[in-house]
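# Geometric and topological summary
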Amino acid sequence: MTPFLFTKILRRPILTFCSILTSAIFCFLICLLSDYVKRQKTELELVKDNFPIECVVSNVKGTSTKNLNIPSQYIMYVTKEQYLFSSYIKNLCMTKNFSYQWTDIERDNLGIMIGINQLECTKELSPEYNGKITFYDWYNEDFLKEERAVCLVSTAMAQKIPIQEEENRFLNLFIHDLFLQIKKEITLQVVGEYESKSSDLYIPWGYCYNLMLENSDTISCDSMSFLVKENRKLTELKKEALNMFVSIDPTEQTPSYHFALIIRDEIYFSTLLSLEQNAKRLERIMPLLLGLTLGIGGLISFLCVRTEKKSYALMRTLGVTGKKVFVASLSEQMVLEIIGEITGILFFLLTVSKGTSLPILFLILYFLCYFFGCCFAVYHITKSSPAQLLREEE
C-alpha cells in the first residue's frame, strides 16, 4: 500500500504542493504567534521588575523640587531602617546648597557649594548625561562615601587654583546658609574636576551632614529623589508615603512645611497596559487560526478526494472495505500534513527561533484540527457505494 500511496500523491503535484505549503505556512504562523506572545509576557515581567519609577519630593503645590529646605524628619524617614518606607526605595539622591565666597582668589566671586550623596544627583556629573570627571591621584567617585573636606570643581575653576605642596589643590571658602544660619570659613581639598565653566563645586554628603550638625544642630536638604526598589510593591510604597508626605494641592496659598511626593509612574503603567493588550490580542488570534486550520484541512482533503473518486470506486469494486478506503484516503492527507508541519517547524527554527522552545501544545492542537478536517472530508467515501462514486465522477 505504501508505494501505491506515494504514487497517488505524486500523481497530482499541484495539489500536493499546495497542501504541503499550506500546512507549512499555518504551522509557521502558529509557532511565530506563540513565540511572540511568550516574548511579550517575558518583556512584561522584565518591565515589572526593572522599569525605573522615579519619585521626587516637591512643595505642596507641586511646582518646585529644588531649594525646598526639607527638614531632618523626612531625611530620617527615607534613610533609617526603622521606617518601613526605606525598604521600598533605592538610589536615593539628596542635595544641600550653600552659598560661598572664594577668599583666596576672586573675593567678589560668589558660587554654590552643593552637598551630594551620589553623582546622579546632578546632570553635570551623572554618567547618564555623559558627565565627564577627571579625578586626581587615587581618588574616584567613592569620595562621596567619605566625610572628608574634599570637593569637585569645574575645569574652569581648576585652572585658577594654585598647585600647593605635593601637587595638591586647596580652596579656602567662606560659606553661609540663611535657613540654617551657618556662617563659616572652611578649607577643601580638590580631588577632581568636571568639564564645565560653572562656579558650582560639589562636596560629599557625609561632610555636608557634619557641617550642618556641628554649626546649627539642624539637618536639611534642598532636593530629594529616589527610585522604587520593587515595582510590584508600588501600592505598599504609596501607602507608606501617606504617613509622611501630603497630596499635591495646587490651591495652597500659605507657606507650608509639609512636602508632597511625586511618583512618576505614568509611563510604567502605560507600558504595562500596552504589553498586556498586545499579548491578549495575539492570544485571541490563536483559536481563530486553529479553527481556520480545521476548515483548510477539510477543503484540501475534499479537493484531493474529488480527483480520486474513480480509484476509490475501483478499490471498493475489488472488495476493499469502506474502512480501508477511509484509512488510505486519510493517510494520503496526513502524510502531506506531517511533511508540511515539519517544514514549517524547521523554517521557524532556522529563521526566527533563538533558543526558544516550540509550542508543543499548540502544534498538537493544530495537528488534531487538520486531522479532523480531513476526516470530515473523506468520511463520505466510506458511506458511498462504488456506483454512486462513479456517478459523482461523471
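Attention in this report is confined to the structure presented alongside it. (Residues numbered from 1 in each chain as written. Predicted model: local features only at pLDDT ≥ 70, side-chain atom pairs only at ≥ 80, totals over all residues. Heavy atoms only, no water.)

Right, let's get into the environment of Asp249. Within the secondary structure, Asp249 sits in the loop between helix 6 (234-241) and strand 12 (260-264). Counting along the chain gives 188 residues from Asp249 to Lys61, while the straight-line C-alpha distance between them is 5.0 Å. Those residues in contact with Asp249 that sit more than four places away from it in its chain are Val60 and Lys61. Among the polar contacts made by the side chain of Asp249, one reaches the side chain of Thr251 at a distance of 2.6 Å. (Helix = DSSP H or I, 4+ residues; strand = E, 2+ residues; numbered from the N terminus. Contact = heavy atoms within 4.5 Å. Polar contact = N/O pair within 3.5 Å; in protein donor to acceptor, adjacent residues only side chain to side chain.)

Turning to the nonpolar core, a few remarks are in order. Nonpolar side chains tend to gather and get buried jointly when the protein is soluble and globular. Core analysis: the largest hydrophobic core is formed by 55 residues, its most contacted members being Phe85, Met113, Leu171, Leu173, Leu201 and Met224. Leave out the neighbours within four places in its chain, and Met224 touches Cys55, Val56, Val57, Ile70, Tyr74, Ile75, Val78, Leu92, Cys93 and Met94. (Core = buried A, V, L, I, M, F, W, Y, C linked by side-chain atoms within 4.5 Å. Buried < 20%, exposed > 50% of the residue type's maximum accessible area, 1.4 Å probe, protein only.)

This paragraph deals with helix 3 (residues 72-79). Taken together, the buried positions of helix 3 are occupied by Tyr74, Ile75, Tyr77 and Val78. Taken down its axis, helix 3 places every buried residue within 160° of arc, on the same side. At its buried positions, helix 3 is contacted by strand 2 (70-71), strand 3 (89-102), helix 5 (205-216), strand 10 (220-221), strand 11 (223-228) and helix 6. (Arc of directions from axis to C-beta.)

Time to look at the environment of Thr343. Note on placement: Thr343 falls in helix 9 (residues 322-351). For Thr343, a relative accessible area of 38% translates into the label partly exposed. Measuring from C-alpha to C-alpha, the distance between Thr343 and Leu21 comes to 8.6 Å, with 322 residues separating the pair along the chain.

To locate leftover empty space, one rolls a probe as large as a water molecule over the atoms. Empty space within the largest pocket amounts to approximately 940 Å³. Taken together, 29 residues form the lining of the largest pocket, with Glu54, Glu120, Cys121, Thr122 and Ser225 sitting closest to its centre. Looking at the lining of the largest pocket, the elements with two or more residues in it are strand 1 (54-58), strand 3, strand 4 (110-116) and strand 11. Taken as a whole, the second largest pocket spans an internal volume of roughly 280 Å³. Lining the second largest pocket we find Ser72, Ile75, Met76, Thr79, Lys80, Leu92, Met94, Asn117, Trp205, Tyr209 and Ile219. If one sorts the elements of the lining of the second largest pocket by residue count, helix 3 sits on top with four residues. Taken together, the residues that form the lining of the second largest pocket break down as seven nonpolar, three polar and one charged. (1 Å grid on protein atoms, 1.4 Å probe; cavity = no way out; pocket = protein on both sides within 12 Å on 5 of 7 lines; lining within 4 Å. Points joined across faces, edges and corners; volume = space filled by probe spheres on them. Nonpolar A, V, L, I, M, F, W, Y, C, P; charged D, E, K, R; others polar.)

Our next topic: a nonpolar patch on the surface. A cluster of nonpolar side chains, Ile360, Leu361, Ile364, Leu365, Leu368 and Phe372, forms an exposed patch at the surface whose accessible area comes to about 560 Å². Within the secondary structure, Phe372 is located in helix 10 (residues 360-383). Overall, Phe372 belongs to the partly exposed group, its relative accessible area being 48%. (Patch = residues over 30% accessible without salt bridge, like charges linked within 9 Å, V, L, I, M, F, W, Y side chains within 5 Å. Areas by Shrake-Rupley, 256 points an atom, 1.4 Å probe, with all protein chains shown as cover. Salt bridge = Lys/Arg side-chain N within 4 Å of Asp/Glu carboxyl O.)

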